Amino acid sequence: MTTASPQEDDLREAALRSAHAHASEWLESLRTRPVPPQASVDDVVLALGAALPDGPTPAADVVDLLAAACEPGLTAMPSGRFYGMVIGGSHPAALAADWLTSAWDQNSALRTLTPAHTAAEDVASAWLLDLLGLPPTSAVGFVTGATTANFTALAAARGEVLRRAGWDVRRDGLTGAPRVRVLVGAERHESVDLALSYLGLGAPEVVTADDQGRVSAGALEAALDDTSGPTIVVLQAGNLHSGAFDPFADAVEIAHRHGAWVHVDGAFGLFAAASPTYRHLVAGYEGADSWATDAHKTLNVPYDCGLAIVADPVALRAAMGMHGDYLPQSTAGDPFDKVPELSRRGRAFPVWAVLRALGREGVADLVDGMCRHAATFADGLRGIDGVEVLHDVVLTQVCASFGDDDRTREVVRRVLADGTAWMSGSRWHGRAVLRISVSSWATTDDDVRASLAVLRRAAAT
């Protein structure tokens, strides 16, 4: 048995001490630092050094250089005043667990090889299914993010609807296979289309959505009546702009009556089910066949953690499972049977940690707090002359117009130039909008008040 030399131990400890110090300084700076980055890509490249050194550099010195070079180019995404895209902060328990995940360095593919992670994955999966009100026998795959979660669940869907049509896609591929129809709402997230492209299914058929972005159940039924064959219907929990939810009870019943597989893309909205206050938004979604979400959004774990949930574990394993004579596989099933990757980090550790830290009531409070802040933003925006909130604010998303498109874009520019908060510009229903996504456990009432003050100044000048 070989062990690290005292010199190697010293090098490692010095590097870890340096990383801890820089991480602590970064986290402490979030309360006061500007949210947008203060350096460009070229600035950071220059600071990092474009030429590869000929010789080695001590690990602690490398960490110091990395921190000094990159810090000005970092966006304060973990700040309570970052509202761009749907990016959550990292809850302290999840962040600390993620540090351990890197130190433990487990390839979490196999049950017998990494029993600690498999246990955390089993427990966290059961807790998630319980919190979300989904079938307790569902399989949960821990993947990189919502795009890969959609891909994974839709791969299971593709295989199963073709199997019902007498075709084995795993064995025979798609050449000569029956055409798989995929129906989506007009305002689905583009990651769904990307996943379908990866799967060789081509562009989906678009079904009309209402003014909130919800798919029309009547239009869905008409589209399904039109033809038959292997079919997948993709529904949405949480519209990118309005936060709206598709009418799950009606849409799932219609789709299943036509023999379709139903997948729910719920990158941030799936966790509405964890709140008694907002659970009504997902009523009926438990009858679907698969679901996708991002734990780094509403659940606030660090990046690289999506969740693909499939009600039929056999269908998921048929799409994702593999065999290798060199792999010590378990008859109980292995984590890699549920995901596209063989090599992957221990994503369940931070998920278990945040769920254990918050508990059932804490997760509900987390969701409720984000929704309360979004409602406060909407109320504050309505009090600014010339501002129109463009939808019903049902969850954590707020889109507003400040008049014509040029003025709206100018307000977005001024907000970002101020630096207090980050709010993204977007385009919705043919209009330029300012879009606010409340996604962080760290957002406080003071953060919202300060951000609204910036909006008032930006709109007044």
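Everything quoted here is computed from the prediction, not taken from an experiment.

Draft legend 1. Structural detail: the sheet that holds strand S5 (residues 261-265). The strand order across the open sheet built from seven strands is S1-S7-S6-S5-S4-S2-S3, with neighbouring strands paired in mixed fashion. With partners counted over all chains shown, the strands left at the sheet margins are strand S1 (139-143) and strand S3 (205-207), one partner each. Each neighbouring strand pair of the sheet contributes to a mean axis angle of 20°, computed without reference to strand direction. Inspection of the sheet shows S5 paired to strand S6 (residues 290-294) by three bridges, in the parallel sense.

Draft legend 2. Representation of the environment of Ile384. By the secondary structure assignment, Ile384 is in the loop between helix H12 (348-382) and strand S8 (388-389). Using a relative accessible area of 10% as the deciding quantity, one classes Ile384 as buried. Each C-alpha atom of the pair Ile384 and Leu455 lies 8.7 Å from the other, and the pair is 71 residues apart in sequence.

Draft legend 3. The arrangement of helix H9 (residues 217-226) in detail. Among all positions in H9, only Ala217, Leu220 and Leu224 are buried. One face of H9 carries all of its buried residues, which in axial projection span an arc of 60°. Facing away from the buried side of H9, by more than 90 degrees, are the exposed residues Gly218, Asp225 and Asp226. Tucked inside the fold, the buried residues of H9 contact strand S2 (181-185), S3, strand S4 (231-236) and helix H10 (248-257).

Draft legend 4. Examining the pattern of salt bridges more closely. Enumeration according to the criterion identifies 30 salt bridges in this entry. A salt bridge links Arg12 to Glu13; the shortest N-O distance between them is 3.8 Å. For Glu13, a relative accessible area of 36% gives the class partly exposed. Put simply, Arg347 and Asp304 hold a salt bridge, and the shortest N to O gap is 3.3 Å. Here the residue Arg347 occupies a position in the loop between helix H11 (313-320) and H12, and Asp304 occupies one in the loop between S6 and strand S7 (306-310), the gap between them amounting to 43 residues. With relative accessibility at 4%, the residue Arg347 sits in the buried group. Put simply, Glu121, Lys338 and Arg344 are held in one network by salt bridges that share partners.

Draft legend 5. Representation of the packing of helix H5 (residues 115-132) against H12. Where H5 contacts H12, the two axes come as close as 9 Å, and the packing angle between them is 30°. Between H5 and H12 the crossing geometry is left-handed. Residues Ala116, His117, Ala120, Glu121, Val123, Ala124, Trp127, Leu128, Asp130 and Leu131 of H5 touch H12, and the partners they reach there are Ala348, Phe349, Val351, Trp352, Leu355, Arg356, Arg360 and Val363. Across the contact of H5 with H12, the residue classes break down as 13 nonpolar, one polar and four charged.

Rules used throughout
Residues numbered from 1 in each chain as written. Predicted model: local features only at pLDDT ≥ 70, side-chain atom pairs only at ≥ 80, totals over all residues. Heavy atoms only, no water. Pairing = 2+ DSSP bridges. Helix = DSSP H or I, 4+ residues; strand = E, 2+ residues; numbered from the N terminus. Axes fitted to C-alpha atoms, helices over the stretch in contact; angles between N-to-C directions. Buried < 20%, exposed > 50% of the residue type's maximum accessible area, 1.4 Å probe, protein only. Arc of directions from axis to C-beta. Contact = heavy atoms within 4.5 Å. Salt bridge = Lys/Arg side-chain N within 4 Å of Asp/Glu carboxyl O. Left-handed = near helix turned anticlockwise from the far one by under 90°. Nonpolar A, V, L, I, M, F, W, Y, C, P; charged D, E, K, R; others polar.

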